[in-house]
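Chain by chain, the residues:
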Amino acid sequence: MLKELEEHQKYALLKLIDEVQDYAIILLDVDGNIQNWNSGAQRIKGYSAEEIIGKNFRSFYTKTDLKNGKPEGLINIAKTKGIAHDEGWRVRKDGTRFWGSITITAIHGKDNEIIGFGKLTRDLSLKKRAEQARQRHVLELELKNQELEQFAFIASHDLQEPLRSLISFTDILESEYKGKIDEDFDQYIAFISQSSRRMKELVSGLLDYSRIGKQSEQTNVDCNELLKAVMEDMTAVINENKAEVNVETLPTICGYPMELRQLFQNLVSNALKFTKEGEPPKLNIYAERKAEEWIFSVEDNGIGIDKDHREKIFIIFKRLHNRDDYPGTGIGLAHCRKIVELHGGKIWVEPKPGGGSIFKFSLPIS
Ligand code: ADP
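This is a predicted model, so every value here is computed, not measured.

**Q** Can you tell me about a nonpolar patch on the surface, naming the residues and giving the values?
**A** On the surface, L27, I107 and I115 cluster together into a nonpolar patch covering about 230 Å² of accessible area. Its location among the elements puts I107 in strand β3 (residues 97-108).

Next comes the structure, spelled out in structure tokens:
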């Protein structure tokens with residue numbers, strides 16, 4: 001009775017293997033000759049059982065793999081370690097290729113001698129092709145990005161020279177003819193002078209933007225030292241505005257020192273600039289560790305930023321205010337975003353309860 005049950009179970013198992021569609025499940029003898037063939041194997045590799053049983057499993061390998069002894073290598077691993085795994089291109093009956101994920105397991109006899117191998121193959125071609133398409137896409141994007149950066153660099157670099165001439169000839173015209181022709185002339189020349197100077201600021205900002213990360217090397221940066229230097233540079237503005245700046249102990253991180261200094265400088269100078277009338281600026285700068293990254297915060301009690309603008313402000317040249325109210329070029333936060341992304345982090349702004357903004361950025365702990 002027990003024997004009958006065992007036979008029954010064996011039959012059910014063989015039937016199950018035979019009907020599995022998604023996996024090729026085959027048995028090989030010690031020399032790698034194919035002993036059985038299930039419907040999954042037929043679906044994936046294209047041979048019928050009659051065509052392939054008795055042939056060697058080497059038939060599924062590419063010419064290069066055969067030349068490099070790959071099938072023999074996998075069998076040897078399965079012999080010595082009991083199991084061998086591989087992923088790679090394999091060949092179907094019609095010569096087309098599929099990306100297979102393969103496991104070969106040694107089967108042992110009563111005396112522990114190897115009597116054959118079980119081979120399980122899964123066709124991962126769709127996954128592989130999707131991955132290849134994604135990689136191609138990433139590469140294309142990287143190239144396009146490089147082209148754009150190069151364009152921004154060349155354009156801003158080459159625009160500087162004609163702009164310098166424009167400014168110096170405008171200065172000459174102004175000094176020679178101001179007050180000598182008429183009021184309109186004086187006004188027009190003043191407009192040309194202002195606009196060309198502003199254009200110079202924008203162009204040099206764009207040039208700096210395209211240079212981010214190109215000229216320095218990553219090192220360990222003590223952010224306490226960095227902030228100390230930034231504060232020293234800003235002593236005049238801090239005193240002038242009667243600002244209160246509180247900097248907590250900050251970590252040492254691995255990054256580009258010049259760029260990180262610029263990042264803090266831009267955030268601090270914005271916090272000192274976008275202030276409420278009659279309210280001295282109050283800044284809090286601190287960092288918290290969250291899992292595998294540091295989250296830095298620059299908190300102010302300034303005018304705050306509307307919900308609708310909290311993402312747009314990081315776009316180059318985007319400003320929310322008139323230059324007469326708050327001076328600037330609209331490049332600072334675009335720089336900040338590029339610097340943070342260069343370090344593999346993210347930057348965003350949150351409203352500060354009670355008024356003001358908290359600029360936050362994450363930097364991964366490498
Ligand atoms: P800029 O300071 O030259 O205008 P930024 O790129 O640094 O350029 O900032 C873009 C805009 O984001 C600013 O014009 C301002 O409207 C807003 N902004 C930046 N920082 C702050 C802040 N701390 N508080 C309120 N608004 C801010």
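**Q** Describe the site of the ligand, and please don't skip the residues or the numbers.
**A** Taken together, 21 residues sit near the ligand, with N270, K273, D300, R319 and L333 positioned nearest. A distance of 2.8 Å separates an oxygen atom of the ligand from a polar side-chain atom of N270. Between an oxygen atom of the ligand and a side-chain N or O atom of H321, the distance comes to 3.0 Å. In isolation the ligand exposes 530 Å². Once the protein is present, 98% of that is buried. Sorting the residues of the shell around the ligand by element identifies α10 (257-273), α11 (332-342) and β11 (357-364) as the ones contributing at least two each. Its residues assigned to classes, the shell around the ligand comprises nine nonpolar, eight polar and four charged.

**Q** Let's hear about the environment of P364: which residues, and what values?
**A** Turning to its location among the elements, P364 is positioned in strand β11. Of the residues examined, P364 reaches a relative accessible area of 34% and is grouped as partly exposed. Sequence separation between P364 and H343 is 21 residues, and the spatial gap between their C-alpha atoms is 7.5 Å.

**Q** Hey, could you go over the sheet that holds β11 for me, with residue numbers and the actual values?
**A** Read across the open sheet, the five strands follow the order β6-β8-β9-β11-β10; overall the sheet is mixed. Pairing within the sheet leaves two strands with one partner each, and these edge strands are β6 (244-247) and β10 (347-351). In this sheet, neighbouring strand axes are inclined to one another by 20° on average, regardless of whether the strands run parallel or antiparallel. On top of the sheet, helix α8 (residues 223-233) reaches β6, β8 (282-290) and β9 (293-299); it is set at about 165° to β6, its chief contact. Strands in contact with α11 are β10 and β11; relative to β11, the strand with the most contacts, it is inclined by about 25°.

**Q** Can you tell me about the packing of aromatic side chains, naming the residues and giving the values?
**A** As enumerated under the stated definition, the model contains eleven aromatic pairs in all. Consider the rings of W37 and Y47, whose centres lie 6.4 Å apart with planes at 75°: the pair is edge-to-face. Of this pair, W37 sits in the loop between β1 (23-28) and α2 (39-45) while Y47 sits in the loop between α2 and α3 (49-52); the two residues are ten residues apart in sequence, bridging distant segments of the chain. We classify Y47 as buried; its relative accessible area is 14%. When the ring of W37 is compared with that of F60, the centres are 5.9 Å apart and the planes differ by 25°; the resulting orientation is stacked. Placement of the pair is W37 in the loop between β1 and α2 and F60 in the loop between α3 and α4 (63-67), with a sequence separation of 23 residues.

**Q** Account for the side chain of N38, naming residues and giving values.
**A** For N38, the location among the structural elements is in the loop between β1 and α2. We classify N38 as buried; its relative accessible area is 2%. Looking at N38, its side chain comes within polar contact range of the main-chain nitrogen of I25, at 3.1 Å. In this view, N38 contacts I17, D18, V20, Y23, A24 and I25; residues no more than four positions away in its chain are not counted.

**Q** If you had to explain the pattern of salt bridges to someone new, which residues and values would you point to?
**A** Inspection of every chain in the model, using the stated rule, returns twelve salt bridges. Among the ionic pairs, E161 bridges to R164, the shortest N-O distance being 3.2 Å. Residue E161 and its partner R164 are located together in helix α6 (residues 125-177), separated by three residues, close to a single helical turn. Each member of the salt-bridge network shares a partner with another, and the members are D65, K70, D86 and R90.

**Q** Just give me the short version of the environment of E293, but keep the residues and values in it.
**A** Inspection of the secondary structure assignment puts E293 in strand β9. Relative accessible area serves as the criterion here: at 30%, E293 is assigned to the partly exposed category. Residues in contact with E293, not counting those within four places in the same chain, are E288, S362, L363, P364 and I365.

Reading guide: rules and limits
- Residues numbered from 1 in each chain as written.
- Predicted model: local features only at pLDDT ≥ 70, side-chain atom pairs only at ≥ 80, totals over all residues.
- Heavy atoms only, no water.
- Patch = residues over 30% accessible without salt bridge, like charges linked within 9 Å, V, L, I, M, F, W, Y side chains within 5 Å.
- Areas by Shrake-Rupley, 256 points an atom, 1.4 Å probe, with all protein chains shown as cover.
- Salt bridge = Lys/Arg side-chain N within 4 Å of Asp/Glu carboxyl O.
- Helix = DSSP H or I, 4+ residues; strand = E, 2+ residues; numbered from the N terminus.
- Near = heavy atom within 4 Å.
- Polar contact = N/O pair within 3.5 Å; in protein donor to acceptor, adjacent residues only side chain to side chain.
- Nonpolar A, V, L, I, M, F, W, Y, C, P; charged D, E, K, R; others polar.
- Buried < 20%, exposed > 50% of the residue type's maximum accessible area, 1.4 Å probe, protein only.
- Pairing = 2+ DSSP bridges.
- Axes fitted to C-alpha atoms, helices over the stretch in contact; angles between N-to-C directions.
- Contact = heavy atoms within 4.5 Å.
- Phe/Tyr/Trp six-rings, centres within 6.5 Å; stacked < 30°, edge-to-face > 60°.

By themselves, these are just geometric observations and shouldn't be taken as functional.
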